[in-house]
Amino acid sequence: MKLLLQSPMNIPTAFVTNGGGTPELLKAINLSEQLGINVSPNQVITSHTPFKDVVPSLDPDTTVLLVNNNATHSETIANNYGIKNFITIQDYAQRIPLLCPWKEYNCNNYTLDGSHIPIIGCVMILHEPLDWGESIQILVDVLSSNGRLHIDHYEETDDQLIPLFIANPDFHYSAKYENSRLTCNAFYTALDSIYHRKTGRNLSCTIFGKPNKEVYEYAIDLLNSLNQNSQPLDRIYCIGDNPKSDIQGANNAGSPFYSVLVKTGCFKGNGNDSTHPAKLVFDDVLEAVTYILQQT
């Protein structure tokens, strides 16, 4: 990446990841340390970054329930995106302790009449939570209601009234363990199955992140804003190691996006992926970037 960012051609570069739950600033700091380069938060697009475009369509009085493995990160992301009224799922669980009777909560500061419980108007899943059981129970309850849960009950609705937005369509990812690890779409699969078993309905939701088109629309706007050259961006190389997200997404987005598969993560096969073949295949990112610089 140093070759690319230090090139005199000033090639605009964005870091698009399906990883979520972390503010863009922190993600940029981590990337800078890992790559030994200066990455700006304006160059980072996480799977939930496009949530920014959802916020203006929400009722300003709506309370958004934020699901994440880190409550502090949820609060930072909400403030960065302009979400005025929100509550983390960790705080929400504390306010209605009877929802999950197998856990103990510190709820001494809350009222018995339930006035401390906000009415939920929207759910945003930024990252799979740490406690799947707790979160699935709470989300099934909220999504089966009109958003108003009381201390010891709620009224079930005939339809899903609460909109659900999910970051990261990936079912699994590559980590230090040799076999892949489950991530956000695996959590959603479990949530949808249990919700369907309880209500007889499938969940209605909007999922952001690769390979869905919204992230590519967001990316091209970002890259155009970073473009210091007089020439328009007639080719955008999308380098990734996951055929199901990185390569399928770039291929579906079409021109000017150009898919590049590297064998450094999810893809372990020989040659190209048979289901979602990339336009180009390289052993690693260095080889891919070297080739790209030779073409420009």
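A quick note: this is a predicted structure, and the numbers were derived from the prediction, not measured.

Summarising burial for strand E3 (residues 63–67): five of the five residues are buried, a large majority. Neither face of E3 is open: one carries Thr63, Leu65 and Val67, the other Val64 and Leu66, and all of them are buried. In terms of strand pairing, E3 meets strand E5 (residues 120–125) through five bridges, oriented parallel. Paired with Val64 across the bridge in E5 is Cys122.

What follows covers the packing of aromatic side chains. Scanning the model with the defined rule gives seven aromatic pairs in all. A centroid spacing of 5.3 Å and a plane angle of 75° characterise the contact between Phe51 and Phe208, whose relative ring orientation is edge-to-face. Linking Phe51 in helix H3 (residues 51–54) with Phe208 in strand E9 (residues 206–208), this pair joins segments that are 157 residues apart in sequence. Here the aromatic cluster, defined as three or more aromatic residues joined through ring pairs, consists of Phe51, Phe165 and Phe208. Note that Arg235 overlies the ring of Tyr258, its terminal NZ or CZ placed 3.9 Å from the centroid. When the ring centre of Tyr258 is taken as origin, the NZ or CZ atom of Lys279, which lies over that ring, is 5.8 Å away.

The next thing to look at is the state of the cysteines. Counted by the stated rule, this structure contains zero disulfides. Looking at Cys184, it has no disulfide partner, and the nearest cysteine sulfur is the one in Cys205, 10 Å off. For the unlinked cysteine Cys266, the closest cysteine sulfur is that of Cys184, found at 15 Å. Look at Cys266 and you get partly exposed, because its relative accessible area is 29%.

Here we come to the nonpolar core. Among the nonpolar cores identified, the biggest contains 31 residues, and Leu65, Tyr92, Val123, Ile125 and Leu139 are the most heavily contacted of them. Those elements giving two or more residues to this core turn out to be E3, helix H5 (89–95), E5, helix H6 (132–143), strand E6 (164–167) and helix H7 (184–199). For this core, the leading source of residues is H6, giving six residues. Listed in part, the 16 residues of the second largest apolar core include Leu58, Ile77, Ala78 and Ala167.

Moving on, we come to the pattern of salt bridges. As enumerated under the stated definition, the model contains five salt bridges in all. With a shortest N-O distance of 2.6 Å, Asp246 and Lys210 are connected by a salt bridge. Of the two residues, Asp246 is situated in helix H9 (residues 243–253) and Lys210 in the loop between E9 and helix H8 (213–226); the sequence distance between them amounts to 36 residues.

For H6, with 12 residues, the first-to-last C-alpha span of 16 Å sits near the 16 Å given by 1.5 Å per residue. Buried residues dominate H6, accounting for nine of its 12 residues. Three or more residues of H6 are buried, namely Glu134, Ser135, Ile136, Ile138, Leu139, Val140, Asp141, Val142 and Leu143. Residues of H6 that are buried in the fold lie against E3, H5, E5, E6 and H7. Measuring from the side-chain oxygen of the N-cap residue of H6 to the backbone nitrogen of Gly133 gives 3.2 Å; that N-cap residue is Asp131.

The rules we used
- All chains use their own residue numbering, which begins from 1 and follows the written sequence.
- In keeping with the predicted nature of the model, local features appear solely for residues at pLDDT of at least 70, side-chain atom pairs appear and are counted solely at 80 or more, and the whole-chain, interface and lining totals rest on all residues.
- Side-chain measures here rest on the full set of heavy atoms in the structure, leaving out hydrogens and waters.
- Under the scheme applied here, a residue whose accessible area is under 20% of the maximum for its type counts as buried, over 50% as exposed, and between as partly exposed, the area being computed with a 1.4 Å probe on protein chains only.
- Strands here are runs of E lasting at least two residues and helices are runs of H or I lasting at least four, both read from the DSSP assignment and numbered beginning at the N terminus.
- In this analysis, strands are considered paired if DSSP registers two or more bridges between them.
- Each Phe, Tyr or Trp ring, with Trp reduced to its six-membered ring, pairs with another whose centre is within 6.5 Å; inter-plane angles below 30 degrees give stacked pairs, above 60 give edge-to-face pairs, and intermediate values give tilted ones.
- For a lysine, the NZ atom is tested; for an arginine, the CZ atom; a charge sits over a ring if that atom is within 6 Å of the ring centre and within 35 degrees of the ring normal.
- Count a disulfide wherever a pair of cysteine sulfur atoms falls within 2.5 Å.
- Residue types Ala, Val, Leu, Ile, Met, Phe, Trp, Tyr and Cys, when buried and joined through side-chain atoms within 4.5 Å, form a set referred to as a nonpolar core.
- Only one rule defines a salt bridge in this text: a Lys or Arg side-chain nitrogen within 4 Å of an Asp or Glu carboxyl oxygen.
- How far a helix is expected to stretch is found by multiplying one less than its residue total by 1.5 Å.
- Residues are treated as being in contact if the distance between any of their heavy atoms lies within 4.5 Å.
- Counting of polar contacts relies on pairs of N or O atoms within 3.5 Å, with two restrictions inside protein: one atom must be capable of donating a hydrogen and the other of accepting it, and residues adjacent in sequence are counted only when both atoms are side-chain atoms.

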